Amino acid sequence: MTSSSSPSQDTKRFAHAYPEGLRADALMEEDVAWSHEIDGERDGDQFDRSERAALRRVAGLSTELEDVTEVEYRQLRLERVVLVGVWTSGTVQDADNSLAELAALAETAGALVLDGVIQRRDKPDAATYIGSGKAGELRDIVLETGADTVICDGELSPGQLIHLEDVVKVKVIDRTALILDIFAQHAKSREGKAQVALAQMQYMLPRLRGWGQSLSRQMGGGKGGGLATRGPGETKIETDRRRIREKMAKMRREIAEMKTGRDVQRQVRRRNKVPSVAIAGYTNAGKSSLLNRLTGAGVLVENALFATLDPTVRRAETPSGRLYTLADTVGFVRHLPHHLVEAFRSTMEEVGDADLILHVVDGSHPNPEEQLLAVREVIRDVGATGVPEIVVINKADAADPLTLQRLLRVEKRSIAVSARTGQGIAELLGLIDNELPRPSVEIEALVPYTHGKLVARAHTEGEVISEEHTAEGTLLKARVHEELAADLAPYVPAQAR
């Protein structure tokens, strides 16, 4: 980041030498084309890649007039954008990293980043976010670059949004709107789309604006109808707000119904005594790559933020033969919008109900500790602080050795791996095997061959220590849960009781 032309000014601008847009090098790996020969072994079949890359019709490219209140939260078809941040605390490097992350989010949404400015303030301006004088300077930058959108690195109040748009004369959006748009583009499942739609409506409701006919009133409904029109009726914008609230209530009911199906699946896993492991971490830290490396799930892996949103649950097996489920969850980010945390709460419960969390952090990031703090804040919000955690430092092949040593020293239960090369994967599997909860009862039983189902249950629900086939039946020594131990009790030899 370079200083502006006047040394006395407290606004700082990014270097202007990137005609193809600002790449967030602090977050993104080297941007290379994906190929089956190079990446296929690491990332699996990539079932969604062809669909993501296919031609798609752009909705809304029509000259037909629409009511402005119906499209107030329109899809962000960003083209040329200028980024604006307010630096209130931390170092200059922290401010640069924050704006670099915003640039990566903008590029993921399909924008071309032309410029970025950061202003040093104690707190954002209540009226225009950056102050009236700096808003005028921002207008000059917009005219100079030919940008059509300004993106602010924070959540703007409705008043700040209106006042800043009045000054810069182009569309202004904030970090929350940008993340919501990315989620809307990438959500695929019915539940994911419903959760994103709910979050969008929660964000849109206080930001509805109206003018002209939007502020005209319906005729009052006096007694008896007809000519009785006393009193002003609802304005159109009030009607829109009421309809949005009704849609939100309907969406919450639908999400609650879909949550029931997810709860039933969890109950089946609990009944079958199958341990569960949840992969959580910062967006683009390599969670999907790790899932593919561990299970061959074939989940989409892309060098972009929030490339995968819908949770994926796969069956896996420890080196000792114990079965468990591995769930990939939505990625987190600094200042994750509260609307998204609430809307995706049912999905994030996969983390809270897990027996073990694999907390994936990007070891090549300039400030991985900040990623750890941001993810743990969301984990705390969903009530999963009591779940055991293993910190998986991914991208060890590209990380600074000193950074790896620092993280391994600070995080006591941590391991360095590389989903790209396979480094440390075998050790991680062994660590998962040791950390997963083990059955509480150790039992030795001579199971008749006519009751082979009990032996099969010992393999799927417990941990078989030894197994020997004799003339009388299967001599089984295993660690099992209390329910299975009660079923095996009649076959325990007398001398072993």
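Residues numbered from 1 in each chain as written. Predicted model: local features only at pLDDT ≥ 70, side-chain atom pairs only at ≥ 80, totals over all residues. Heavy atoms only, no water.

1. Observations concerning the overall build of the chain
The cut-off we apply is this: The way it works is that DSSP assigns letters per residue, a run of H or I at least four long becomes a helix, a run of E at least two long becomes a strand, and they are numbered from the N terminus. The buried label goes to any residue with under 20% of its type's maximum accessible area, the exposed label to any with over 50%, and the partly exposed label to all in between, with areas taken from a 1.4 Å probe on protein chains only. By definition in these notes, contact holds between two residues if any of their heavy atoms fall within 4.5 Å. Only the protein chains shown count as covering a residue, and every accessible area follows the Shrake-Rupley method with a 1.4 Å probe.
From N to C terminus, the chain includes 16 helices and 17 strands. Residues counted as buried form 49% of the 497 residues belonging to the chain. Once local pairs closer than 6 in sequence are excluded, the contacts in the chain between residues at least 24 apart make up 71%. Here the chain displays about 24500 Å² of accessible surface, and carbon together with sulfur accounts for 51% of that area.

2. Considerations on the pattern of salt bridges
Selection criterion: When a carboxyl oxygen of Asp or Glu lies within 4 Å of a side-chain nitrogen of Lys or Arg, that pair is called a salt bridge.
One pass over the full model with this rule turns up 14 salt bridges. One salt bridge in this structure joins Arg-406 and Glu-369, with 2.7 Å as the shortest N-O distance. Here the residue Arg-406 occupies a position in helix α13 (residues 401-410), and Glu-369 occupies one in helix α12 (residues 368-381), the gap between them amounting to 37 residues. By relative accessible area, which is 27% here, Glu-369 ends up partly exposed. Shared partners join several salt bridges into a network, and the residues in it are Glu-101, Asp-153 and Arg-175.

3. Things to note about the sheet that holds strand β17 (residues 474-480)
Convention followed: At least two bridges found by DSSP between two strands are what make those strands a pair. To get an axis, a line is fitted to the C-alpha atoms, and for a helix only the part in contact is used. The angle between two axes follows their N-to-C directions and goes from 0 to 180 degrees.
Pairing within the open sheet is antiparallel, and its 3 strands lie in the order β15-β17-β16. Sheet topology places β15 (441-447) and β16 (463-469) at the edges, where each strand pairs with a single neighbour. Direction aside, the axes of adjacent strands within the sheet are offset by 10° on average. Sheet strands in contact with helix α15 (residues 452-461) are β15, β16 and β17, and its direction is about 145° off that of β16.

4. Considering the confidence of the model for the chain
The cut-off we apply is this: A score between 0 and 100, pLDDT records how confident the predictor is in each residue.
Overall, the prediction assigns the chain a mean pLDDT of 76, with 73% of residues at 70 or greater. Within the chain, strand β1 (residues 2-3) has the poorest average pLDDT of any element, 38, and strand β14 (residues 414-416) the best, 94. The low-confidence segment residues 1-9, where pLDDT is below 50, has 14 contacts with residues more than four positions distant or belonging to other chains.

5. Digging into the packing of helix α4 (residues 132-145) against helix α5 (residues 158-168)
Any two packed helices are characterised by how steeply their axes cross, that is the angle between the axes, and by the distance between the axes. Selection criterion: Relative orientations are named as follows: roughly parallel for angles under 35 degrees, roughly antiparallel for angles over 145 degrees, roughly perpendicular for angles from 65 to 115 degrees, and oblique for any other angle. Working rule for handedness: look at the near helix, and if it is turned counterclockwise from the far one by less than a right angle, call the crossing left-handed; if clockwise, right-handed. By the convention adopted, Pro, Cys, Tyr, Trp, Phe, Met, Ile, Leu, Val and Ala count as nonpolar, Lys, Arg, Asp and Glu as charged, and the other residues, Gly among them, as polar.
For the pair α4 and α5, the least separation of the axes is 8 Å and the interaxial angle reads 50°. Relative to α5, α4 is oriented oblique. Seen from above, α4 lies across α5 with right-handed handedness. On α5, the residues that touch Ala-135, Gly-136, Leu-138 and Arg-139 of α4 are Leu-164, Val-167 and Val-168. Here the contact of α4 with α5 is composed, by residue class, of 5 nonpolar, 1 polar and 1 charged.

6. Here we look at the environment of Glu-107
Note that Glu-107 resides in helix α3 (residues 92-108). A sequence separation of 26 residues divides Glu-107 from Val-81, and the C-alpha atoms of the two residues are 9.7 Å apart.

7. Quick word on the side chain of Arg-207
Quick reminder of the rule: The definition of a polar contact used here is a pair of N or O atoms within 3.5 Å, where within protein one atom must be able to donate a hydrogen and the other to accept one, and adjacent residues in sequence count solely through side-chain atom pairs.
For Arg-207, the position within the fold is in the loop between α7 (190-204) and β7 (217-219). Residue class for Arg-207 comes out buried when judged on its relative accessible area of 10%. A polar atom in the side chain of Arg-207 sits 3.0 Å from the backbone oxygen of Tyr-203.

8. Thoughts on the packing of α12 against α13
Running from N to C, α12 and α13 point in directions that differ by 40°, and their axes come no closer than 11 Å. Classed by the angle they form, the pair α12 and α13 counts as oblique. Between α12, through Pro-368, Glu-369 and Leu-372, and α13, the contact on the second element is made entirely by Thr-403, Arg-406 and Leu-407. Looking at the contact of α12 with α13, its residues break down into 3 nonpolar, 1 polar and 2 charged.

9. Regarding the packing of aromatic side chains
Just so we agree on the cut-off: Aromatic rings from Phe, Tyr and Trp, taking only the six-membered ring of Trp, are treated as a pair when their centres fall within 6.5 Å; an angle between ring planes under 30 degrees marks them as stacked, one over 60 as edge-to-face, and anything in between as tilted. The criterion for a charge sitting over a ring is simple: Lys NZ or Arg CZ within 6 Å of the ring centre, and within 35 degrees of the ring normal.
Tallied over the full model, the rule gives 0 aromatic pairs. Against the face of Trp-87 rests Arg-120, its NZ or CZ located 4.6 Å from the ring centre.

10. Some words on the pairing of strand β11 (residues 323-328)
Regular strands show a simple pattern: their side chains alternate between the two faces of the sheet. Where burial is concerned, most of β11 is hidden: 6 out of the 6 residues are buried. Residues of β11 alternate between two faces, with Leu-323, Thr-325 and Ala-327 on one and Tyr-324, Leu-326 and Asp-328 on the opposite face, all of them buried. By the bridge criterion, 4 bridges tie strand β9 (residues 276-281) to β11 in an arrangement that is parallel. By the bridge assignment for β11, Val-277 is matched with Leu-326. Examined bridge by bridge, strand β10 (residues 312-317) and β11 share 6 bridges and lie antiparallel to one another. From the neighbouring strand, Glu-317 faces β11, where its bridge partner is Leu-323. Taking the residues between adjacent antiparallel strands as the criterion, β10 and β11 are bridged by 5 residues, where Gly-321 takes a positive phi near 95°.

11. With respect to empty space enclosed by the protein
Which parts of space are left empty comes out when a probe the size of a water molecule is rolled across the atoms. This is how it is decided: Lining residues are those with an atom within 4 Å of a point, where the points come from a 1 Å grid over the protein atoms alone and group into cavities, where a 1.4 Å probe fits but cannot get out, or pockets, open sets with protein on both sides within 12 Å along at least five of seven lines. Grid points are joined across faces, edges and corners, and a volume is the space filled by probe spheres set on the points. The domain boundaries here were taken from an automatic or database domain assignment.
Per the stated rule, a full pass over the model turns up 3 cavities of 30 Å³ or more. Of the volumes computed, that of the second largest cavity is approximately 70 Å³. Around the second largest cavity, the lining is made up of 10 residues, and of these Glu-101, Tyr-282, Arg-334, His-365 and Glu-370 lie nearest the centre. Of all the elements in the fold, those that place two or more residues in the lining of the second largest cavity are α3 and α12. Per-element accounting of the lining of the second largest cavity gives the leading share, 3 residues, to α3. Taken together, the residues that form the lining of the second largest cavity break down as 2 nonpolar, 5 polar and 3 charged. Built from parts of two domains, the lining of the second largest cavity gets at least three residues from each of domain 1 (79-186) and domain 2 (274-435).

12. What to know about the side chain of Thr-403
With respect to the helices, strands and loops of the structure, Thr-403 is situated in helix α13. Apart from residues lying up to four places away in sequence, Thr-403 is in contact with Gly-363 and Pro-368.

13. So, α3
To keep things clear, this is the line we draw: Helix span, expected: 1.5 Å multiplied by one less than the number of residues in the helix.
With 17 residues, α3 should cover 24 Å at 1.5 Å per step; its first-to-last C-alpha distance of 24 Å lies within 8% of that length. With 14 of 17 residues buried, α3 is to be regarded as a mostly interior element. Of the residues trailing α3, Gly-110 is marked for its positive phi of about 100°.

14. Topic: the nonpolar core
The condition that has to hold: In these notes, a set of buried Ala, Val, Leu, Ile, Met, Phe, Trp, Tyr and Cys residues joined through side-chain atoms within 4.5 Å is what counts as a nonpolar core.
Phe-332, Leu-358, Val-392 and Leu-428 are the most contacted members of the largest nonpolar core, which totals 66 residues. Among the domains, domain 1 (79-186) and domain 2 (274-435) are the pair contributing at least three residues each to this core. Those residues in contact with Leu-358, other than ones at most four positions away along the chain, are Val-277, Ala-278, Ile-279, Ala-280, Leu-294, Leu-326, Ile-390, Val-392, Leu-428 and Ile-432. Val-82, Ile-141, Leu-161 and Val-168 belong to the second-largest nonpolar core, a separate cluster that totals 20 residues.

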